[in-house]
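Chain by chain, the residues run as shown.
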Amino acid sequence: VQANGLEGVVEVIEARVEDVRLPEGVLADVIVSEWMGFFLLFESMLDAVLLARDRWLRPGTGRLLPSRSRLFLCPFSDVSWRGHRADLLRDVCGIDFSPLVA
């Protein structure tokens, strides 16, 4: 921000959404968040980003970045990998999950 001469225009808040407190009436023009993780929703950050959007994003003109994504899926089969995962489920902390392996 400083390197681009925008320190009086842009304020960067680097924190968890749950910990951020903005002054009354202050709204964000842009919210930038790395919420996708791998496989888009695996890290379960979407709820926090939507919370930030609903609390602080300026209605109508505010932007959420990134604002869209694409997910491409392709079925595959890997007998070796499935067998390895099945073996891991046979004993989880002393609990037999083998009925789930089928």
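Sequence order sets the numbering: in each chain, residues are counted from 1 along the sequence as written. Given that this is a predicted model, residues contribute local features only at a pLDDT of at least 70 and side-chain atom pairs are listed and counted only at 80 or more, while totals for whole chains, interfaces and linings are drawn from all residues. Side-chain descriptors were evaluated using all non-hydrogen atoms of the structure, hydrogens and water having been removed beforehand.

## Quick look at the pattern of salt bridges
Each reported salt bridge corresponds to a side-chain nitrogen of Lys or Arg within 4 Å of a carboxyl oxygen of Asp or Glu. Considering all chains together, one arrives at 3 salt bridges under this definition. Linking Asp 19 and Arg 16 is a salt bridge whose minimum nitrogen-to-oxygen distance equals 3.1 Å. Each residue is assigned to one of three classes by its accessible area relative to the maximum for its type, calculated with a 1.4 Å probe on protein chains only: buried under 20%, partly exposed between the two thresholds, exposed over 50%. Asp 19 sits in the partly exposed class, given a relative accessible area of 48%. On the basis of relative accessible area, Arg 16 is assigned to the exposed category, the value being 52%.

## Observations regarding the confidence of the model for the protein
Predicted confidence across the protein gives a mean pLDDT of 84, with 97% of residues reaching 70 or more. For the protein, the element scoring lowest by mean pLDDT is helix 2 (residues 79–89), at 80; strand 2 (residues 63–65) scores highest, at 92. The score called pLDDT rates the predictor's confidence residue by residue, from a low of 0 to a high of 100. Secondary structure counts use DSSP, requiring at least four H or I residues in a row for a helix and at least two E residues in a row for a strand, with both numbered from the N terminus.

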